[in-house]
Amino acid sequence: MSGIKQIDGVFTAADARYAIVASRFNSFIVEQLVQGALDALKRHGVKDENITVVRVPGAAELPLVCQKLAASKKQDAVIALGAVIRGATYHFEVVAGESAKGLSQVALAAGIPVINGVLTTESIEQSIERAGTKAGNKGADAAMAAIEMLSVLKQIG
């Protein structure tokens, strides 16, 4: 690979500003995701004063608040956290799909990382596994993705 430039993200984030937008729906799961994200950010040097946590009613409301935060230019990255658990109706597909689509659109329009940390699971048990038990904490994973993306974007210029 001589002569090929390779860009990899690094996990230093001390001076960056992060917003975590968390849904209150399924809060018993989402709060564990928030704690995981906060822990990951702090472990990588982010100071409390560089973290803002915003609560919204549910996953469907995440994109709008993320858009406002990204447009404010006060945040370097936004992390969206929620839990959409399949029920007996089509509502699961609508909320999960529209939330994901909206978050992607916000990231592309704003040009900053908007990380989708919304769990979309078949059961409460699967959500619990992803919020700090068997499958790790997806909130922490989302925070790590935000740190890495900031690094990659900074290197690209």
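Look up a bit, the structure's there.
Our subject in this report is the structure included herewith. Note that the structure is a prediction, hence the values are computed from the model and not measured.

This paragraph deals with the layout of surface pockets. The rolling of a water-molecule-sized probe over the atoms marks out the regions of remaining empty space. Here the largest pocket defines a volume of roughly 260 Å³. If you go around the largest pocket, you meet 16 residues; those closest to its centre are F25, N26, V84, H91 and V95. Elements with a contribution of two residues or more to the lining of the largest pocket: β3 (77-85) and α3 (91-110). Of the residues in the lining of the largest pocket, the class split is eight nonpolar, six polar and two charged. Of the voids in this model, the second largest pocket is the one considered here, and its volume is about 230 Å³. Taken together, V10, T12, A13, A14, D15, A16, Y18, D76, I147, L150, S151 and K154 make up the lining of the second largest pocket.

Phi angles above zero are rare outside glycine, and N26 is one such case at about 60°. Located in the positive-phi region is K73, a residue other than glycine, with phi close to 65°. Mapped onto the elements, K73 comes out in the loop between α2 (62-71) and β3. Accessibility expressed as a relative area gives 60% for K73, which makes it exposed.

Here the focus is the pattern of salt bridges. Working definition: two side chains of opposite charge can pair if their charged atoms are close together. Scanning the entire structure with this criterion turns up nine salt bridges. The closest approach of N and O atoms between E129 and R130, which form a salt bridge, is 3.7 Å. Three or more residues joined by partner-sharing salt bridges are found here, namely R86, E93 and E122.

Our next topic: the pairing of strand β4 (residues 114-121). With six of eight residues buried, β4 is to be regarded as a mostly interior element. Bridge count for β3 against β4 is eight bridges, and the pairing is parallel. Its bridge partner being in β4, G82 is matched across the sheet by V118. Chirality of the crossover, the property in question, places the unit of β3, α3 and β4 among those that are right-handed.

Reading the values: rules and limits
- Residues numbered from 1 in each chain as written.
- Predicted model: local features only at pLDDT ≥ 70, side-chain atom pairs only at ≥ 80, totals over all residues.
- Heavy atoms only, no water.
- 1 Å grid on protein atoms, 1.4 Å probe; cavity = no way out; pocket = protein on both sides within 12 Å on 5 of 7 lines; lining within 4 Å.
- Points joined across faces, edges and corners; volume = space filled by probe spheres on them.
- Helix = DSSP H or I, 4+ residues; strand = E, 2+ residues; numbered from the N terminus.
- Nonpolar A, V, L, I, M, F, W, Y, C, P; charged D, E, K, R; others polar.
- Buried < 20%, exposed > 50% of the residue type's maximum accessible area, 1.4 Å probe, protein only.
- Salt bridge = Lys/Arg side-chain N within 4 Å of Asp/Glu carboxyl O.
- Pairing = 2+ DSSP bridges.
- Right-handed = clockwise from strand over helix to strand, strands pointing away.

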